[in-house]
Amino acid sequence: MRVDDHKEPLKELERILNLWIATFVEEEMVNVKDYEDIISSALAKLGYKSLKEWIEINNFEGKYTGDRIGKSVLNVLISQAESLK
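The sections below set out a description of the structure shown in this document.

Scoring rules and cut-offs
- Residues numbered from 1 in each chain as written.
- Predicted model: local features only at pLDDT ≥ 70, side-chain atom pairs only at ≥ 80, totals over all residues.
- Heavy atoms only, no water.
- Buried < 20%, exposed > 50% of the residue type's maximum accessible area, 1.4 Å probe, protein only.
- Helix = DSSP H or I, 4+ residues; strand = E, 2+ residues; numbered from the N terminus.
- Arc of directions from axis to C-beta.
- Contact = heavy atoms within 4.5 Å.
- Phe/Tyr/Trp six-rings, centres within 6.5 Å; stacked < 30°, edge-to-face > 60°.

### Considering helix α2 (residues 36-46)
One full turn of an α-helix is made of 3.6 residues, so residues set three or four places apart face in the same direction. Restricting attention to buried positions, one finds in α2 the residues Ile39, Ala42 and Leu43. Seen from one end, α2 has its buried residues packed into an arc of 100°, which puts them on one side. Residues of α2 that are exposed and point more than 90 degrees away from the buried face comprise Asp37 and Ala44. For α2, the elements touching its buried residues are α3 (51-57) and α4 (71-82). Phi turns positive one or two residues past the end of α2, at Gly47, with a value near 85°.

### A few points about unusual backbone geometry
Phi at Asn59 is positive, roughly 60°, even though this residue is not glycine. When its relative accessible area of 53% is taken as the criterion, Asn59 is described as exposed.

### A closer look at the environment of Leu13
In this fold, Leu13 is placed in helix α1 (residues 9-24). Sequence separation of Leu13 and Val3 is 10 residues, and the distance between their C-alpha atoms is 6.4 Å. Excluding residues within four positions of it along the chain, Leu13 makes contact with Met1 and Val3.

### Describing the packing of aromatic side chains
Under the defined criterion, the tally for this structure stands at 2 aromatic pairs. Relative to Phe24, the ring of Trp20 has its centre 5.8 Å away and its plane inclined at 45°; by these criteria the two rings are tilted. Separated by 4 residues within a single helix, Trp20 and Phe24 lie in helix α1, roughly one turn from each other. Residue class for Trp20 comes out partly exposed when judged on its relative accessible area of 47%. Here Trp54 and Phe60 contribute two aromatic rings whose centre-to-centre distance is 5.5 Å and whose plane-to-plane angle is 40°, an arrangement assigned as tilted. The class of Trp54 is buried, set by a relative accessible area of 0%.

Encoded structure:
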C-alpha cells in the first residue's frame, strides 16, 4: 500500500488502516440509539439519508445489525464527517 504521494501520508495511512480495522477486526458492538444524535449529525453533514445507506456504500454490513454498530465503524463515520469541517 502506497501513500507517499498523498499530501499527508501518515494521516492517510492511519485512515486506511482504520478502514481495514473497521471492516475486518472483531470488536465490541454498541447501541445505535446511544449515539443517535452524533450519527444523525454526521450523516446529514455527509449527505446521507440513513445510516443503512452509509453502511452499504462503505461495505460495513458485517458490523451493523440495524440496532448495533461496531465501535470502529462509528469512529469512521464520525471521522468522515469531521474531515468536512
